[in-house]
Amino acid sequence: MNRLAQLVRERLQPLSDSWSTAPLAPTMGVKPYSPSLTQLPSGRNNRRREQAGGVMIVEPMAAQKSSAPLQPSSQNHTCIVGSAALEFGLLPLHQQIIEFGRRLTSAGVKRLQLVPLFLLQGRHVMDDIPEEVDLARRELGGCIDIHVGDHIGGYGAMRDLIASRLASTPRKGRLLVAHGSRRPKGNRSVDQLAKSLGTAVAYWSNMSEIEDQTIQLMQQGCSTLTIFPYFLFAGGITDAVAHLTEELAERFPRTKFRLLPPLGATVDMADLVVDNLRS
């Protein structure tokens, strides 16, 4: 998670020079967030900072090892980037937002943009994050404008990003594997995504779907199957998908299986976040 936040910072950093001529433009430089960050801008830079903002990327849950904040930079920029976890963090999400918001206001920042790093518009996106943000807003008392952006799975450019990952694979025999949602119509967006990509789709919440879709693709004459795990980062579920893929490859030796990595903390993912922030 910190790696993705670092990539976002690097993507925004070269744009900081634009503030000298267009201080209200949406392009932003970035200064990494740190609990010990105390250096404040001065003079003209301080006036520009008041028109800039902070970015906080909210991930589903903290890693088993607590992720340390990005270290402070010796350079002055016009935006601060941090990260937070909805579940299993050292503090509840609203407390993480409050601490981050207070540091932003002490630096003269008036706006905080939250980026929900979730692929599906499920309970966390629809209920949990708004509730936590409301708690943070009440505590901060309106001293900073908190804006919650769309979940990353709702970005229109997500389709192009996945298409680029699949570009080197055969057009036939592609399978998108997603987690799945229990909410009514919660999987509609993934179904539409798979349809636009021309891929089959299966949901981890129903493990038999992966095997069923694999057999169906082979029956359609596909000798090579490409499986794309539609997950943010590698973890327990992607490991299980890899194990299942190995089992299927042993059962069907005449079929070539190719398992792609999940989305990950990559340059194109950082570009996706930055482009959405700028728009």
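Numbering of residues begins from 1 in every chain and follows the order in which that chain's sequence is written. Totals for whole chains, interfaces and linings use all residues, but because this is a predicted model, local features are given only for residues with pLDDT of at least 70 and pairs of side-chain atoms are given and counted only at 80 or more. For the side-chain quantities, the full set of heavy atoms in the structure was used; hydrogens and water were omitted.

1. Let's talk about the overall build of the protein
And then number 1: Helix and strand definitions here come from DSSP, where helices need a minimum of 4 consecutive H or I residues and strands a minimum of 2 consecutive E residues; each element is numbered from the N-terminal end. Counting its regular elements, the protein contains 9 helices and 9 strands.
And then number 2: By definition in these notes, contact holds between two residues if any of their heavy atoms fall within 4.5 Å. In the protein, of all internal contacts separated by at least 6 residues, the share reaching a separation of at least 24 is 80%.
And then number 3: Values of accessible area rely on a 1.4 Å probe in the Shrake-Rupley scheme; residue burial ignores everything except the protein chains shown. When the accessible surface of the protein is split by element, carbon and sulfur atoms take 49% of a total near 14100 Å².

2. Details of the sheet that holds strand E9 (residues 256-259)
And then number 1: In this analysis, strands are considered paired if DSSP registers two or more bridges between them. The 4 strands lie next to each other as E7-E6-E8-E9, forming an open sheet whose pairing is parallel. Looking at which strands have only one partner, the edges of the open sheet turn out to be strand E7 (200-203) and E9. Adjacent strand axes in the sheet meet at a mean angle of 25°, parallel and antiparallel pairs treated alike.
And then number 2: Pairing between strand E6 (residues 174-178) and strand E8 (residues 224-229): 4 bridges, direction parallel. Each bridged residue has a counterpart across the sheet, and for Val177 the counterpart in E8 is Pro229. Note on method: axes are straight lines fitted to C-alpha atoms, helices fitted across the in-contact stretch only, with angles between N-to-C directions ranging 0 to 180 degrees.

3. Observations regarding the packing of helix H1 (residues 2-12) against helix H9 (residues 267-278)
And then number 1: In contact at an axis separation of 9 Å, H1 and H9 are set at 65° when each is read in the N-to-C sense. Like other packed secondary-structure pairs, H1 and H9 cross with a definite hand, here right-handed. Of the residues in H9, those touching H1 at Leu4, Leu7, Val8, Arg11 and Leu12 are Val267, Met269, Ala270, Asp271, Val273 and Val274.
And then number 2: Throughout, the ten residues Ala, Val, Leu, Ile, Met, Phe, Trp, Tyr, Cys and Pro are labelled nonpolar, Asp, Glu, Lys and Arg are labelled charged, and all others, Gly among them, are labelled polar. Broken down by class, the residue content of the contact of H1 with H9 amounts to 9 nonpolar, no polar and 2 charged. Here is the rule for handedness: rotate from the far helix to the near one, and if that takes an anticlockwise turn smaller than a right angle the crossing is left-handed, while a clockwise turn gives right-handed.

4. Let's talk about helix H5 (residues 158-166)
And then number 1: Accessible area is worked out with a 1.4 Å probe on protein chains only. A residue is then buried under 20% of its type maximum, exposed over 50%, and partly exposed in between. Along H5, the residues classified as buried are Met158, Leu161, Ile162, Arg165 and Leu166. Down the axis of H5, the buried side of the element spans an arc of 135°, and every buried residue falls inside it. To obtain the arc, one takes the directions from the helix axis to the C-beta atoms.

5. Thoughts on the packing of H5 against H9
And then number 1: At a closest axis distance of 11 Å, the pairing of H5 and H9 adopts a crossing angle of 165°. With respect to each other, H5 and H9 are oriented roughly antiparallel. Read as a crossing pair, H5 and H9 show a hand that is right-handed. Here H5 contributes Met158, Leu161, Ser164 and Arg165 to the contact with H9, which in turn contributes Asp268, Met269 and Leu272.
And then number 2: Residue composition of the contact of H5 with H9, by class: 4 nonpolar, 1 polar and 2 charged. By the definition adopted for this analysis, an angle is roughly parallel if under 35 degrees, roughly antiparallel if over 145, roughly perpendicular if from 65 to 115, and oblique otherwise.

6. Brief notes about the side chain of Arg174
And then number 1: By secondary structure assignment, the location of Arg174 is in strand E6.
And then number 2: One buried charged residue, Arg174, forms no salt bridge at all, with the nearest opposite charge on Asp160 at 11 Å.
And then number 3: One polar contact links the side chain of Arg174 to the main-chain carbonyl oxygen of Pro170, over a distance of 2.9 Å.
And then number 4: Ignoring anything within four residues of it in the chain, the contact list for Arg174 reads Leu166, Ala167, Thr169, Leu197, Thr199, Ala200, Leu217 and Thr226. Under the counting rule used here, the positive set is Lys and Arg, the negative set is Asp and Glu, and His together with the chain ends is not counted. One speaks of a salt bridge when a side-chain nitrogen belonging to Lys or Arg is within 4 Å of a carboxyl oxygen belonging to Asp or Glu. N or O atoms closer than or at 3.5 Å make up a polar contact, with two conditions inside protein: a donor-capable atom paired with an acceptor-capable one, and, for residues adjacent in sequence, both atoms drawn from side chains.

7. Quick notes on the nonpolar core
And then number 1: The nonpolar core is taken to be a set of buried Ala, Val, Leu, Ile, Met, Phe, Trp, Tyr and Cys residues, with the residues joined through side-chain atoms within 4.5 Å. Membership of the largest hydrophobic core comes to 39 residues, with the highest contact counts inside it found for Ile152, Ile162, Tyr230 and Leu263.
And then number 2: Broken down by secondary-structure element, the contributors of at least two residues to this core are H1, strand E2 (53-61), strand E3 (79-87), H5, E6, helix H6 (188-197), E7 and H9.
And then number 3: Of the residues forming this core, the biggest block, 6 residues, is contributed by H9.

8. Structural notes on the pattern of salt bridges
And then number 1: Applying the stated criterion across every chain, the model contains 9 salt bridges.
And then number 2: Ionic pairing is found between Arg103 and Glu99, a salt bridge with its closest N-O pair at 3.7 Å. One end of the pair, Arg103, and the other, Glu99, are both in helix H3 (residues 93-106), 4 residues apart, so they sit about a helical turn from each other.
And then number 3: With relative accessibility at 25%, the residue Arg103 sits in the partly exposed group.
And then number 4: Glu99 sits in the partly exposed class, given a relative accessible area of 35%.

9. Some points on the pairing of E7
Working note: regular strand, side chains alternate between the two faces of the sheet.
And then number 1: With burial as the criterion, each face of E7 is covered, one bearing Ala200 and Ala202 and the other bearing Val201 and Tyr203.
And then number 2: Here E6 runs beside E7; their pairing, made up of 4 bridges, is parallel. Along E7, the bridge assignment pairs Leu176 with Val201.

10. Describing the environment of Thr169
And then number 1: As for its placement among the helices and strands, Thr169 is situated in the loop between H5 and E6.
And then number 2: Once the C-alpha coordinates of Thr169 and Thr226 are considered, the two residues, 57 residues apart in sequence, prove to be 7.0 Å apart.
And then number 3: When residues no more than four places from it in sequence are discounted, the contact partners of Thr169 are Arg174, Thr226, Arg258 and Leu260.
And then number 4: Within the local environment of Thr169, its side chain forms a polar contact with the backbone oxygen of Leu166, the two atoms lying 2.6 Å apart.

Note that every value here comes from positions in space, so none of it alone points to a role or purpose.
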